[in-house]
Amino acid sequence: SDYRTGTNWRYTLSGLLTLIFCATLSGVSRGQRDLAEYGEDLSQGQLRALGFRRNRKSGLIPHPKETTFFRVLSKTDPKELQEVLLDCLNSLLGQGSEARVIIIDGKALRSSQGVELVSAFDGETGRWLGTEMVEDKSNEIPAARTLIERCEIDDVMVLTDALHTQSLSAREIVQDCGGDYLMTVKANQKGVLKNLRQVHAAHKRGGDFSPSDGLGAAG
């Protein structure tokens, strides 16, 4: 949806987003300055194909400036854009089969002054399934849980790193969403590691084993 009012715009929003998409595929990842430099290399024919309009005085289509890309990047709704990008992937790669393994992974966004994202990927094909931004003064855990709720994980194995080895996350995957999980436990998670060792030792002696028992000490 175009955030601008009126219709007399030199640059179409769809054209600007397509330009950004192509620039990203070409390795441009450092914001509006690099996008503007990338746009300067486009020919008049390419700018016309993007739906951009000519300047009446010069008869040429001007290249978008840094300020134009800044407004597009800051005002475009990220969730709506995500749906469009997922549809674009389906168009380029085909609908694809339902994922059997989903990997949840968080990364700091390059050149973003600390913005963090949590993304979901198909563990077998590497295909991107969605992204959730980490809220300010928060961490990856709530963002990952929101992302898990959005993904179809019924009868799916969810893989996470040690940060997400939390009882609430495990409960959400299994009880709320109908999936399974494979979580990492590190030596610095002493309570969880101790519980797991005790449960494993009891299981070796013939006792019952419940995966939730090992996460009892997770916060």
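Not measured: the values here are computed from a predicted model.

1. Side note on the packing of helix α6 (residues 140–150) against helix α7 (residues 167–176)
At a minimum axis distance of 10 Å, the contact between α6 and α7 shows a crossing angle of 5 degrees. Here α7 runs roughly parallel to α6, going by the angle between their axes. Across from I141, R145, I148 and E149 in α6, the residues of α7 making contact are L168, S169, E172 and I173.

2. Describing the packing of aromatic side chains
Pairs of aromatic rings are described using the distance from one ring centre to the other and the angle between the two planes. On inspection of all chains with the given rule, the structure shows one aromatic pair. With 4.9 Å between their ring centres and 80 degrees between their planes, Y11 and F52 make a pair best called edge-to-face. Placement of Y11 in the segment before α1 (13–25) and of F52 in the loop between α3 (44–49) and α4 (66–75) is noted, with a sequence separation of 41 residues between them. Judged on exposure class, the residue Y11 and its partner F52 are both buried.

3. Concerning a negative patch on the surface
Negative charge collects at one region of the surface, where E98, E152, D154, D155 and D180 lie side by side. Along the chain, the position of E152 falls in the loop between α6 and β4 (157–160). We classify E152 as exposed; its relative accessible area is 71%.

4. Digging into the pattern of salt bridges
On inspection of all chains with the given rule, the structure shows five salt bridges. A salt bridge links R33 to E66, with the nearest nitrogen and oxygen atoms 3.7 Å apart. A residue pair is termed long-range when its members are at least 10 positions apart, and R33 in helix α2 (residues 32–40) and E66 in helix α4 qualify at 33 residues. A residue is classified by how much of its surface remains accessible, and E66, at 34% relative accessible area, is partly exposed. Among the salt bridges present, the one from R150 reaches E132, with a minimum N-O distance of 2.4 Å. Residue R150 is located in helix α6, and its partner E132 is located in strand β3 (residues 128–133); the two are separated by 18 residues in the primary sequence.

5. Describing the confidence of the model for the protein chain
Scored by pLDDT, the protein chain has a mean of 85; 92% of the residues are at 70 or more. Within the protein chain, helix α9 (residues 211–214) has the poorest average pLDDT of any element, 53, and α3 the best, 96.

6. Comments concerning the sheet that holds strand β1 (residues 101–108)
Strand order in the open sheet formed by five strands is β3-β2-β1-β4-β5, and the pairing between neighbours is mixed. On the outer flanks of this sheet lie β3 and β5 (180–183), each paired with one strand and no other. With strand direction ignored, the average angle separating the axes of adjacent strands in the sheet is 20 degrees. Contacts between α7 and the sheet are confined to β4 and β5, with β5 contributing the most and set at about 150 degrees to the helix.

7. Looking at the pairing of strand β2 (residues 116–122)
As paired elements, β1 and β2 share seven bridges and run antiparallel to each other. From the neighbouring strand, G106 faces β2, where its bridge partner is V118. Here five bridges tie β2 to β3, and the two strands are oriented antiparallel to one another. Residue A120 lies in a different strand from β3, and its bridge partner there is G130. Two successive antiparallel strands, β2 and β3, enclose a turn made up of five residues, where G126 displays a positive phi of approximately 80 degrees.

8. Here we look at helix α5 (residues 78–93)
With 16 residues, α5 extends 22 Å between its outermost C-alpha atoms, agreeing within 8% with the 22 Å of an ideal straight helix rising 1.5 Å per residue. In this structure D77 caps α5, since a side-chain oxygen of it lies 3.2 Å from the backbone nitrogen of K79. Count one or two residues on from α5 and you reach G94, which has phi positive near 90 degrees.

Conventions used here
Residues numbered from 1 in each chain as written. Predicted model: local features only at pLDDT ≥ 70, side-chain atom pairs only at ≥ 80, totals over all residues. Heavy atoms only, no water. Axes fitted to C-alpha atoms, helices over the stretch in contact; angles between N-to-C directions. Helix = DSSP H or I, 4+ residues; strand = E, 2+ residues; numbered from the N terminus. Parallel < 35°, antiparallel > 145°, perpendicular 65-115°, else oblique. Contact = heavy atoms within 4.5 Å. Phe/Tyr/Trp six-rings, centres within 6.5 Å; stacked < 30°, edge-to-face > 60°. Buried < 20%, exposed > 50% of the residue type's maximum accessible area, 1.4 Å probe, protein only. Patch = residues over 30% accessible without salt bridge, like charges linked within 9 Å, V, L, I, M, F, W, Y side chains within 5 Å. Areas by Shrake-Rupley, 256 points an atom, 1.4 Å probe, with all protein chains shown as cover. Salt bridge = Lys/Arg side-chain N within 4 Å of Asp/Glu carboxyl O. Lys, Arg positive; Asp, Glu negative; His and termini not counted. Charge placed at Lys NZ, Arg CZ, Asp CG, Glu CD. pLDDT = per-residue confidence, 0-100. Pairing = 2+ DSSP bridges. Expected span 1.5 Å × (residues − 1). Polar contact = N/O pair within 3.5 Å; in protein donor to acceptor, adjacent residues only side chain to side chain.

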